Every structure is written in structure tokens, then in C-alpha cells.
Amino acid sequence: MSSQPPRSLTVLGAGAWGTGIACQIAAHQAVLLWGRDTAQMQRLQAERVNAAYLPDVPLPPTLTVTADLDAALRHAAGPHGLLLLAVPVSGLRAAAQAVRIFNADKPQGARVQQLVWLCKGFEQGSGLLPHAVIDAVFAGMDAPPATGALSGPSFALEVARGLPVALTLASTDAALRQSAVAALHHGAMRIYATPDVVGVEVGGAVKNVLAIATGVSDGMGLGNNARAALITRGLAELSRLGVALGGQADTFMGLSGLGDLVLTATGDLSRNRRVGLALAQGQRLDHIVATLGHVAEGVHTAQTALQLARAHRVSMPITEAVSRLLDGKLTPQAALSGLLQRQPRGE
């Protein structure tokens, strides 16, 4: 496969993150944004704004939109095409299957050859990380696409506005790393490459759980010291699980570990932090999720992360407290009190 930068780029998923990164990329090259809702995409085309998710950000003239999936995949096909899957984890398998079906009857030069996903978390039910979902979908396929993950500290609104952001492109395929970085890296968006897909994915998933914990702490007025303690000890939990699952320890000190954790645990745009704040105010979880308007992956990730921790004999007390809080087995006060009353140990 050629390592030349892709010239034809498609983003699948017209939510906040898909629209945000499409706007950022469109600052330096043309990009096609696909959404499954025909009426929504017609409104985007007519109004040149995604009113449902990013109402204050006009779409750049170099960004085109469509609800035609076949056309979107054709646009990303070939050796110089790049497909970004900006769907939540719950929609990743279906999106990948659509790519497999599209590629099935095409000659190599007309297939989607480079695919990168942007979602963070574990697939519900299977407990799989995104790369494992992708591997399962493309298993046994003749000449499957080169694949990778794009992750890191990023709020969709800031990315859409063209503000600076640094992300990590993780892939075991060196040619894809080179090609995708060349396509995405520009003045406001810096892309760093790594082969550690597992480490990047674990960092992106578990930080959402820890952000719920810091939201609870902030909502209870426990102060900056408590928040710093939760972030620091949370990073230790995240790193232990990531290494146990096959990630590299150094990855968790980078953008998709420490960087993403700090942003999500402290930023006012963080959906997972807002879940914690609302829980501390006594709101019911079902009400919080229903009124949030966006997916808060930490709600679904906590139980899976805890199950993996137990299976690999990894200590994750903050994650356990959040999981029990979300299950209604602990109050916010009891969850934080239990963490504070733990026996002393070496750091």
C-alpha cells in the first residue's frame, strides 16, 4: 500500500465529534461528512451548520455532506483515500460491516484501504476494545483495510472552531501511521504516531470513568486537593489495567493517557464530568443520561473496566466505587468516603 498522504477523506458520523473533526480537517483539505439521517444532512447542507450538536460553528465551504453511504465510501476508496469512523462504540461494528460489504465485490483499487476509528470505550455485551471489534468484522477477509485509532484530549466544540489540538494515531501498520499523519497533521492539529493501539484505547476508555469520579468530588465541594488525588490515583489505575491488557506503560503518560484524563476530569465541556456533578446533586442516573443530549461513555465503561480488572487481578478502587455508584449500590457520599477510608499503602 502506498504511504502517500490520502487526498480523498470521508468522515462517517455527523454527531458532535464527527462534525467537529470534519470542520478542523476542512481547514486544510476538502472532506466529505456522512450522516445516516437524510433530513438532518439536508438541513446541514441548506443551513451550513449542525444545529443539533454544534449550533455556533458554521460549516466550512470545503466540507460537503451526504446521507448516501455508498457515495461516502466511494469517496474514501482507493490507495489515497482515508475513512474516519466517527461513530460511538455502539455503532462501530455496524459501520465496519458496511465497509466490509462495500469492499466485498470491488477490485482492490476501488476498495476502502485505510480506516481509522475515533470512538473510545468498550463494546457493550462483548466487552471488546474497538480494535478487537474491527478485527472480528474483517476476520477472514481478503486484503482487509489497514486500520488504526485516533484518540487524545479533545473537545468537539474546540476542535470544530479550529483551536489547537494534539492527538495520537495508533496503528500496528507503519504505512498507515505515516499516511494518516500526513493527511491529518496541520497547523492547528498535531498528530503523534504510536504502534500501541491497546494502550491508546484503554486510556481513552477508562479516563471517562475517572472523570465521573472527579465530577462527583467537585459536585460535593471536596476541593482541588481531592480532585488532584483522584486524577493521580486514577492514572495509576488506568495504567495498571492498560499494561495488564498489553499496553505500553509509557503510553499512559502521553496524550491518550494523562492528557485525555486531565481534560475530561477537569473541563467544563466534559460529558462524563457532568454526569458526576449531577450524581453529586442527587439526580437519578436515568434522568441524567436522558437529558445529557450526548453519549457519556463512562456510564457504560465502568462495569466492563471493573470486570477486566478483576479478571486480570488489577486493583482499581476508584473504578469500583464509580461502578457501584452507577449501579445504585452506593451513594456519592458513601463512594467517596470509602475511598478516603482505605488503608495506607505505598505509592
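The model shown is predicted, which means the values in this text are computed figures rather than measured ones.

A.B. asks: Looking at this model, I keep getting lost on the UniProt feature "binding site: NAD(+)" (unreviewed entry) in the protein. Mind explaining?
C.D. replies: Here the UniProt feature "binding site: NAD(+)" (unreviewed entry) sits at Gly13, Ala14, Gly15, Ala16, Trp17, Gly18, Ala156 and Arg271. Here, the largest pocket is lined by Gly13, Ala14, Gly15, Ala16, Trp17, Gly18, Ala156 and Arg271 out of the annotated residues. Relative to the assigned elements, glycine 13 resides in the loop between β1 (8–12) and α1 (16–25). When you line up the elements, alanine 16 lands in helix α1. Classification of alanine 16 by relative accessible area gives buried; the value is 10%.

A.B. asks: What is the right way to read the pattern of salt bridges from this model?
C.D. replies: Any two side chains of opposite charge can pair, on the condition that their charged atoms come close. Counted according to the given criterion, the structure contains eleven salt bridges. Measuring nitrogen to oxygen at the nearest pair gives 2.8 Å for the salt bridge that ties glutamate 123 to arginine 93. Here glutamate 123 is found in the loop between β7 (114–117) and α5 (130–138), whereas its partner arginine 93 is found in helix α4 (residues 89–104), with 30 residues between them in sequence. Judged by its relative accessible area of 10%, glutamate 123 falls in the buried class. The shortest N-O distance in the salt bridge between arginine 273 and aspartate 268 comes to 3.3 Å. Since its relative accessible area comes to 9%, arginine 273 is described here as buried. Residue class for aspartate 268 comes out exposed when judged on its relative accessible area of 63%. Connected via shared salt-bridge partners are Asp218, Arg227, Asp268 and Arg273.

A.B. asks: I'm lost on the layout of surface pockets in this one. Help?
C.D. replies: Here the largest pocket is characterised by a volume of approximately 1400 Å³. Lining the largest pocket are 47 residues, and of these Gly15, Ala16, Trp17, Ala86 and Pro88 sit closest to its centre. If you tally residues by element for the lining of the largest pocket, the top one is α4, at five residues. Classifying every residue of the lining of the largest pocket gives 24 nonpolar, 14 polar and nine charged.

A.B. asks: Even after reading the chapter, I still don't get the UniProt feature "binding site: NADPH" (unreviewed entry) in the protein, so can you show me in this structure?
C.D. replies: UniProt tags Trp17, Arg36, Tyr53, Lys120, Ala156, Arg271, Val295 and Glu297 as "binding site: NADPH" (unreviewed entry). Of the residues just listed, which span 281 residues, the most distant C-alpha pair is 23.4 Å apart, and they do not cluster in one region. From this annotated list, the subset lining the largest pocket comprises Trp17, Arg36, Tyr53, Lys120, Ala156, Arg271, Val295 and Glu297. Looking at the element boundaries, arginine 36 is found in the loop between β2 (31–34) and α2 (38–47). Assignment of secondary structure puts tyrosine 53 in the loop between β3 (49–50) and β4 (54–58). Beyond its immediate chain neighbours, meaning those up to four positions away, tyrosine 53 contacts Ala14, Gly15, Ala16, Gln40, Gly293 and His294.

Calculation notes
- Residues numbered from 1 in each chain as written.
- Predicted model: local features only at pLDDT ≥ 70, side-chain atom pairs only at ≥ 80, totals over all residues.
- Heavy atoms only, no water.
- UniProt positions renumbered as here; feature names shortened; annotations may be inferred.
- 1 Å grid on protein atoms, 1.4 Å probe; cavity = no way out; pocket = protein on both sides within 12 Å on 5 of 7 lines; lining within 4 Å.
- Helix = DSSP H or I, 4+ residues; strand = E, 2+ residues; numbered from the N terminus.
- Buried < 20%, exposed > 50% of the residue type's maximum accessible area, 1.4 Å probe, protein only.
- Salt bridge = Lys/Arg side-chain N within 4 Å of Asp/Glu carboxyl O.
- Points joined across faces, edges and corners; volume = space filled by probe spheres on them.
- Nonpolar A, V, L, I, M, F, W, Y, C, P; charged D, E, K, R; others polar.
- Contact = heavy atoms within 4.5 Å.

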